[in-house]
Amino acid sequence: MNSTERALGWLDDRLGVGKGRSLLDKIFPDHWSFLLGEIALYSFVVLVLTGVFLSLYFVPSTKEIIYHGAYAPLRGKLVSEAYASTLKLSFSVRGGMVIRQMHHWAADVFVGAIAIHMMRIFFTGGFRKPRELNWMVGITLLMLAIVNGFLGYSLPYDLVSGTGLRIAYSIILSIPLVGSYLAFFLFGGAFPGNGIIEPRMFILHVLVVPIIIAALIGAHLFMLVRQKHAQFPGKGRTEHNVVGSPLYPTFMAKTLGLFFIVTGVLWMLGGLVQINPIWQYGPYQPYKVTYAVQPDWYMGWLDGAMRIMPSWEFTGFGHTIPLEVLLPAVLFPGLTFTLFYVWPFVEAKVTGDRAVHNILDFPRYRPKRTALGAAGVAFYFTLFSASATDVLANFFQVSLNTVLWSFRFLAIAVPVLVGLVTYRICKELAAMPVTDEPKRSVILSRTEAGEYVMEEAGMRPGDAPDDLDPIAVPARIGASVEDASTGGAGLPTR
Amino acid sequence: MNRETGVQSDGDRIYEPDYVPGHASGDRPMPENRDEVPDSPLPLVALDDPHLMPAAKNVKHTERWIAFLIVLASLGFAGYGAVYWQGGQPQLEGLTLGIGLLSIGAALAAWGKYLLPRGPFVEERHDMRSSDTEREQMAAAVIDRGKLVMRRRGFLGKMLAGAAGILGVVIAFPVIRSLGPLPKLALDKTNWRKGSYLVTIHGRKIKEDDLEVGGIITVFPPGYEGNAMDQTVLLRASTSPFTTKAGRETWTPKGYVAYSKVCTHAGCPVGLYQEQTQQLLCPCHQSVFDVLDGAQPVFGPAPRPLPQLPLMIDSEGYLRAQQPYDQPVGPGFWERS
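Residues numbered from 1 in each chain as written. Chains lettered and ligands numbered in written order. Predicted model: local features only at pLDDT ≥ 70, side-chain atom pairs only at ≥ 80, totals over all residues. Heavy atoms only, no water.

Section: the pattern of salt bridges
Oppositely charged side chains can pair when the atoms bearing their charge come close. For the structure shown, the criterion picks out 16 salt bridges over all chains. Taking the shortest distance from any N to any O, the salt bridge between Glu313(A) and Arg304(B) comes out at 2.6 Å. On the criterion of chain membership, the pair formed by Glu313(A) in the loop between helix 12 (300–308) and strand 5 (314–316) and Arg304(B) in the loop between strand 9 (296–299) and strand 10 (308–309) is interchain, its members lying in two chains. Here Glu313(A) and Arg304(B) have matching classes, each one buried. In this structure, Lys245(B) engages Asp293(B) in a salt bridge whose closest nitrogen and oxygen atoms are separated by 3.3 Å. Taken together, the residues Lys245(B) in the loop between strand 4 (232–236) and strand 5 (256–260) and Asp293(B) in the loop between strand 8 (288–290) and strand 9 connect sequence positions 48 residues apart. Judged by its relative accessible area of 27%, Lys245(B) falls in the partly exposed class. Residue Asp293(B) is classed as partly exposed on the basis of its relative accessible area of 32%. The network of salt bridges with common partners includes Arg128(A), Glu347(A), Asp361(A), Arg366(A) and Arg369(A). (Salt bridge = Lys/Arg side-chain N within 4 Å of Asp/Glu carboxyl O. Helix = DSSP H or I, 4+ residues; strand = E, 2+ residues; numbered from the N terminus. Buried < 20%, exposed > 50% of the residue type's maximum accessible area, 1.4 Å probe, protein only.)

Observations regarding the sheet that holds strand 8 of chain B
All names here are of chain B. The 4 strands are arranged 6-7-8-9 in an open sheet whose pairing can be described as antiparallel. Where the open sheet ends on each side, the last strands, each with one partner, are strand 6 (272–274) and strand 9. The mean angle between the axes of side-by-side strands here comes to 35°, regardless of whether they run parallel or antiparallel. In this structure, strand 8 lies alongside strand 9, joined through 3 bridges in antiparallel fashion. In the sheet register, Phe-289 faces strand 9, and the bridge partner there is Pro-297. (Pairing = 2+ DSSP bridges. Axes fitted to C-alpha atoms, helices over the stretch in contact; angles between N-to-C directions.)

Topic: the domain arrangement of chain A
Residues and elements named next belong to chain A. Once the domains are mapped, chain A shows domain 1 (25–351) and domain 2 (362–459). The partner domain 2 presents 24 residues to the 26 residues of domain 1 that form the contact. Regarding the contact of domain 1 and domain 2, the summed buried area is about 2,000 Å², with carbon and sulfur atoms giving 66% of it. It is Phe-123, Arg-307 and Ile-308 that lose the most area in domain 1 upon contact with domain 2, and together they represent 33% of the buried surface on that side. Between the two partners, domain 1 and domain 2, sit 2 salt bridges. Linking Arg-369 and Glu-347 is a salt bridge whose minimum nitrogen-to-oxygen distance equals 2.8 Å. Applying the counting rule to domain 1 against domain 2 returns 8 residue pairs in polar contact (both at pLDDT 80 or more). Among the secondary structure elements, those contributing two or more residues to the side of domain 1 that touches domain 2 are helix 5 (96–123), helix 12 and helix 13 (323–351). Of all the elements, helix 12 adds the most residues to the side of domain 1 that touches domain 2, at 7 residues. (Domains from an automatic or database assignment. Contact = heavy atoms within 4.5 Å. Buried area = accessible area lost by both parts, 1.4 Å probe. Polar contact = N/O pair within 3.5 Å; in protein donor to acceptor, adjacent residues only side chain to side chain.)

Here we look at the pairing of strand 5 of chain B
All names here are of chain B. In terms of residue burial, strand 5 counts as a mostly covered element, since 5 of its 5 residues are buried. Judged by which residues are buried, strand 5 turns out to be covered on both faces: Tyr-256, Ala-258 and Ser-260 on one side and Val-257 and Tyr-259 on the other are all buried. For strand 5 and strand 10, the ladder comprises 2 bridges, and the chain directions are antiparallel. Note that in strand 10 the partner of Ala-258 across the bridge is Leu-309.

Some points on the interface of chain A and chain B
Between chain A and chain B, the contact holds 103 residues from the first and 92 residues from the second. Buried surface at the junction of chain A and chain B, both sides included, amounts to about 8,500 Å², of which 68% is carbon and sulfur. On the chain A side of the contact with chain B, Arg94(A), Phe185(A) and Tyr287(A) bury the most area, a combined 9% of that side's loss. Where chain A packs against chain B, one counts 1 salt bridge. Along the contact surface separating chain A from chain B lie 28 residue pairs in polar contact (both at pLDDT 80 or more). The greatest single-element share of the side of chain A that touches chain B, amounting to 15 residues, is contributed by helix 10 (residues 247–272) of chain A. In terms of residue class, the side of chain A that touches chain B is made up of 54 nonpolar, 30 polar and 19 charged. (Nonpolar A, V, L, I, M, F, W, Y, C, P; charged D, E, K, R; others polar.)

What about the side chain of Gln231(B)?
Topologically, Gln231(B) is positioned in the loop between strand 3 (216–219) and strand 4. On the basis of relative accessible area, Gln231(B) is assigned to the buried category, the value being 1%. Within the structure, Gln231(B) has its side chain in polar contact with the backbone oxygen of Ala228(B) (distance 2.9 Å). Contacts of Gln231(B), omitting those with residues within four sequence positions, involve Pro286(A), Tyr287(A), Thr218(B), Val219(B), Phe220(B), Ser260(B), Lys261(B), Val262(B) and Pro269(B).

See below:
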């Protein structure tokens, strides 16, 4: 008995780990698009690790102090403790700047990876039975990621994020009946309130929301393991099996590699690409504002919607309903996420398809869904672009009026156009002849006589060998079958 | 420790074994009554099976690449240590540790992708759906036992629901009502009073000659410098009074005009002033207000003009408010009439 066997035996006596061997054989299908969720997961890990580091230095307080720190241009200015401590951890804590910027980048990548992961699920029909619940957990995660991103972005209390907070307050205020009460309860009074919002945002950002996110990620992965990963159609793949690489060791090596790659990219971004230089914006003062006030990218669609919304305000019966804010900033996102939540059920109702699906769709064979999804993506992307109306007007030297009306038009035209074109492309692609052979690149060469010769390139490393039928993960591996059957435990040496 | 007696050699009694001593040892036989898993034949695969071949075409080549990546990673890590030791520098820190992490990640991923068995491997799925019997039993257990709880105790159940309802209501008070004050009239009123001086952020009173035509400054009532609700833009649009709206003829002495600086759309400070067109612009969502026309919004999502503060110049030449704002400032809300 070697030490590994002894350790496993010790654990098995107490926890029965031997019964869990099949977990090691768990198959993860291989496809690049299945990495998107993992990128989100590892960004979250990076967020937690870097966030803990930041929390060791950050002071969640709007109390104003005179700045005496390392950043000379602001010395002697009145700034909040939150702002001063953010400057301190950026300039005076060794490694702090990289980690703070990495945290911000990781947040942007986190939401981005979730959004693209969600698109993958949508376009391949991965939300269908039996995965509707996991789809809904995923939507909740997207929502929480956006909320926590906004909270974290607001914490340093710089001029740009403070203005964002002011807008958030006005959005809450716009809710009929309860808006002013909600806003006052959250902020401890009329904006900017009595300063209580800062520690409240802090505890939400570092404890409450992350715990919910972590718990939901747990549920997300539990359901993934229980239902096993969906797979694309292919040789030997059916609704009742899953073909790919085993958890131990192949998937583990690859996913650990991905973890380090994600961490490495984020660390590099943190060190090399400046993000949110709050010392350039200055500390927040409620009466100050700056040009080109834009939130982080994942809030852009809401900002854009607020910009292109006409100025419709309802007044009557002694009350005001600020539709110009309520509609784009409360009802619109509410409707968006409701639609996301119910989509699997709506689609099942429309198509009448209530079967279990473990094989994913190729988007081209579902032209209607694909066209609708593409139109949706185009719509939100247009709104996102509309959050830069002022910058675009300046850049192209056209009037703000032209840019605004263009976006009002584009927000309708672009989705329709993208939807129609996508539908057409899907139909064309689906009509093309299909072979079971995977696509191979060809090598085109010219002979000395000037003749062109085309030959198929060989298999590239990483291509699954198409001549092999999938087999179960071997529990025992021997030099030969006979050797394995004699019960040799370990791998023979080469 | 002595296996026979369960007594540690130093004499400390840990436990008294109450079963056959021989079975305490690790190599004891399986107890008879234990649920025995039949020895299912494990899949046996020979090392030369094509499924176990690495995916790499040229294994030696791949191994060399991975070795190179690991060396690069070590250099990156060491480089980061050196940069840190020298006092740190964000770009170099990012480059060194970034290269280290990326290389180690690439090495691991390549190891998994190219050197480990190429497969493909397969695993059967099990239906999520249980058998009909299992489903019936589950439903029966939930429903029948539930009935057992409530049988002939419907009234108790209603009482319980009532108590829970009361708890639900009262618990809302500490978790919601305690959070902050009631709005009352806080949104309707500012700290501007009849006769308030116009002061700068530093508390300096504004005099009639302080601004040139085209000049702009943010003012507050004395004692509320920097206040988010009271912030007001003071502009000088001309040298003589002008009329922004009928009935406001006396509000602009010597061409001075004052508007609330809180945008009526989403509350950002309306901070940009273009003298040529006499427009105020909010940089958040690009609402544009016409200074000469009572700050009427001419563009963008703002629904209402910025409230105008009636001005006067007192006998000493100081600018003061004739009256407070005649309406709530800032964005709309339900109670605004």
